Each structure stands twice: as structure tokens, then as C-alpha cells.
Amino acid sequence: MLKDKFGRDINYLRLAVVDRCNLRCTYCMPENGLTWIKQQELMTDEEIIRICSVFTSLGIDKIRITGGEPFVRKNSMELIEQIAQLDGLNDLSITTNGLLTEQYIPRLKTSGIKSVNLSLDTLNPERFYTITRRRNFDKVMKTLDSLLEHQIKVKINAVVMEDQNIEDIIPLVTLTKELPVDARFIEEMPFNGTNTTVSLKWNYKQIYEHIKTYFPDIMKTEDPKSSTSYNYRIPGFAGSIGIIAAYTRSFCGDCNRIRITPTGELRTCLYEEKGINLKEALRAGKTDQELKNIIINSIQDKPKDGWEAEKLNHSSSQVHQSMATIGG
């Protein structure tokens, strides 16, 4: 098992397979998109499989496939099926916006995917267009229906944004009354590819108080070890509720996560400015053991929390990285 210098067990890898996305969400990127990573700078399928294999040999037993939008990548389903077969991997999941996902759901089920995080910030088609700049709400809802039909666990990820989707918090909570979904409300983060700042008003405490106003019998449930969310349930509801303090970073102390960007860069914290590039090490001819040593040494430099990571950054740029280039 990988451990950092704080004694935390590191067993969870968030793997971004592409930076491109077919939405243009306001909290992630500018309206015109980003300067996309060139194809030769992305990891190949073979490089991804080898890097993942090295990680699983070190005790990583949970991998989440992210992007960008994972299914924008060519042959993404075949890549997912290969990753699912790695020895030592107990939990493979995906974060997707749902636009291209529905066609692959039977194969996801067959591959052993038990959980999908579905990005859905509103249940209102017009607000969906305002936030994502695309008219694809119906596709996302069809994906949600199909995931539930195939008995794949669904977590709905909703980024809470002042003056944009506050009125959607309660409808999303109400969705859990009949559906066995986990509605998760995420503090907005500054990873939007612009110099736009975010509001701190709707932090996890404010989100909870807002929900409690409408559902005073909301109950706290036990948070799993290394959980990023504070978890709740409303009596009689089929689903559950999670609130993620992504900006205030109150969950960092028990962090078990590392991430690989679409270019193969290992980052030990979301708020880290730069990491070690495993793809370049691999292309330079490093052996698996040498890759293991690089990973082990990098994890020893994992910061205590997101605040410490941010202090260590040296960039003077006022433009924030996009979540699509970091890995969602």
C-alpha cells in the first residue's frame, strides 16, 4: 500500500483520459473552449494501461475515469474494458456529462462498472443551456434513466453557483425521493480556464442550511473513510444527499487520492500547480520499477491539504487552470 509522509494510505487514482469536452460549462472553461492538447501529447491507450498497471501493483485498487469528457476520446469504451481487467483493481468508475454515454451503458455493466458520476447542475432545460452553452438536456436525462435501468449506482454532481442554479438545489434533492440516486452538491472551484473568481457565499454550510430549511428532518449519515462529501439522508427517500466542500477543502486531512492529467502528469493534489510527468518517463524508456520509484517519491511530497498545495504554487498568472486540463 502506498503511504504519504502523513501516513495516509493512497489507494485511489483519478485518471483523465482526454481534455476535450462537448459541453462548455461556465465553471470549467470559456465559451470558445480551450487550446486543446495536441494528440501526440496525450497518453496512448498502451501508455495508460501500463501506467495503471504500475499503480495497481503498488496498491491502487480504485480508479475513476474522468476528462474532459471521457467518451469524447476515440475508442474510450475499449480502453475502459482493458483497464477493468487489471489485476488488483476492485473499483472502476466513471465521471461523465452523459451526452455520449447511453450507447455504452450495457458494455459498462458487463465490464463491471458499478458506479457512474453524472454531471447535472440543473433539472431545468433552459438553465442547462445557460450553464453548459449546449442544448443537450434530454440526452443527459436519457442516460440517467438507462443507468438506473441497468442498476448502475448514480451520483449526480451539481456545482452550486450563485445567481445561476440555486433554485435547482431543492428539485435535485427532491429527485432522491423516488430515485435511488445520490445528489451531490459541490462548492464552485476556480478551475474555469479564466481569471474569473468564484463566490464563497454558497459554501457547504450554506448549502446544508438551505436544504434543511425545506427538509428539516434531514439526517446526517456516516461518512466513509476518505470521503470527499458530508453525507445525509431524508427519511423515506430512496436516495441520499452529499455536500462536497471542494473549495473550502475541509476533507483534505484524510485524502487518499492522486490524479493523472491527460498528458500523463502525476499530481498528488487537485490544487497542485505541476507534477511529475509519467508519460515522458515512460517514453524515455523507464522500467516499471523506475516508474514505481518515481511514483513513491512523488507521493512523499504530497501536501498536507489543498491550502498547503496552493501556497507552494509559483505561477503569477491570473488565469486559473481549467478542470478539463487537470482532470475532473
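Residues numbered from 1 in each chain as written. Predicted model: local features only at pLDDT ≥ 70, side-chain atom pairs only at ≥ 80, totals over all residues. Heavy atoms only, no water.

> In this structure, what is going on with the packing of helix α6 (residues 169-178) against helix α7 (residues 204-214)? I would like to understand it.
When two helices pack together, their arrangement is given by the angle between the helix axes and the distance between those axes. Their axes nearest at 10 Å, the elements α6 and α7 cross at an angle of 65 degrees. Here the hand of the crossing between α6 and α7 comes out right-handed. When α6 is examined against α7, the residues I169, I170 and V173 are found in contact with a partner set consisting of H210, I211 and Y214. Considering only residue class, the contact of α6 with α7 consists of five nonpolar, one polar and no charged. (Axes fitted to C-alpha atoms, helices over the stretch in contact; angles between N-to-C directions. Helix = DSSP H or I, 4+ residues; strand = E, 2+ residues; numbered from the N terminus. Left-handed = near helix turned anticlockwise from the far one by under 90°. Contact = heavy atoms within 4.5 Å. Nonpolar A, V, L, I, M, F, W, Y, C, P; charged D, E, K, R; others polar.)

> I'm lost on the nonpolar core in this one. Help?
It is characteristic of soluble globular proteins that their nonpolar side chains tend to be buried jointly. In terms of nonpolar packing, the biggest core is built from 99 residues, with L15, F55, I63, I83, F185 and I211 touching the most fellow members. Looking at this core, the element that brings in the most residues is helix α1 (residues 45-57), giving six residues. The residues touching F185, leaving out its near neighbours within four places in the chain, are A158, V160, I169, L172, V173, I207, I211, I241, G242, I243 and I244. (Core = buried A, V, L, I, M, F, W, Y, C linked by side-chain atoms within 4.5 Å. Buried < 20%, exposed > 50% of the residue type's maximum accessible area, 1.4 Å probe, protein only.)

> Before we go on, may I ask you to explain the pattern of salt bridges in this structure?
Evaluation of the coordinates by the stated rule reveals 15 salt bridges. Where R50 meets D288, a salt bridge forms, and the shortest distance between an N and an O atom there is 2.8 Å. With R50 in helix α1 and D288 in helix α9 (residues 288-300), the pair connects residues that are 238 residues apart, well separated along the chain. Look at the salt bridges and you will find they share partners, linking E78, E81 and R107 into a network. (Salt bridge = Lys/Arg side-chain N within 4 Å of Asp/Glu carboxyl O.)

> For this particular structure, what's the right way to read the side chain of E188?
Within the secondary structure layout, E188 lies in the loop between β8 (182-187) and α7. For E188, which is buried and forms no salt bridge, the nearest opposite charge comes from R133, at a distance of 10.0 Å. Excluding anything up to four places from it in sequence, E188 contacts Y27, V159, V160, M161, V198 and Y247. (Lys, Arg positive; Asp, Glu negative; His and termini not counted.)

> What should I look at first to understand α9 in this one?
Structurally, the α-helix is built with 3.6 residues per turn, so residues lying three or four positions apart point the same way. With 13 residues, α9 ought to run about 18 Å at 1.5 Å a step, and its terminal C-alpha atoms sit 19 Å apart, in line with that. When we look at burial in α9, the residues that qualify are L291, I295, S298 and I299. Viewed end-on, α9 has its buried residues packed into an arc of 95 degrees, placing them on one side of the element. (Expected span 1.5 Å × (residues − 1). Arc of directions from axis to C-beta.)

> Please clarify how the pairing of strand β10 (residues 229-233) should be interpreted in this entry.
Successive side chains on a regular strand alternate, one facing one side of the sheet and the next facing the other. Sheet analysis places strand β9 (residues 219-220) next to β10, joined by two bridges and oriented antiparallel. In the strand pairing of β10, M219 is matched with R233. With four bridges connecting them, β10 and strand β11 (residues 240-244) associate as antiparallel partners. Considered in β11, the bridge of N231 is made with G242. Hairpin connection of β10 to β11: six residues between the antiparallel strands, including G236 at a positive phi of 90 degrees. (Pairing = 2+ DSSP bridges.)

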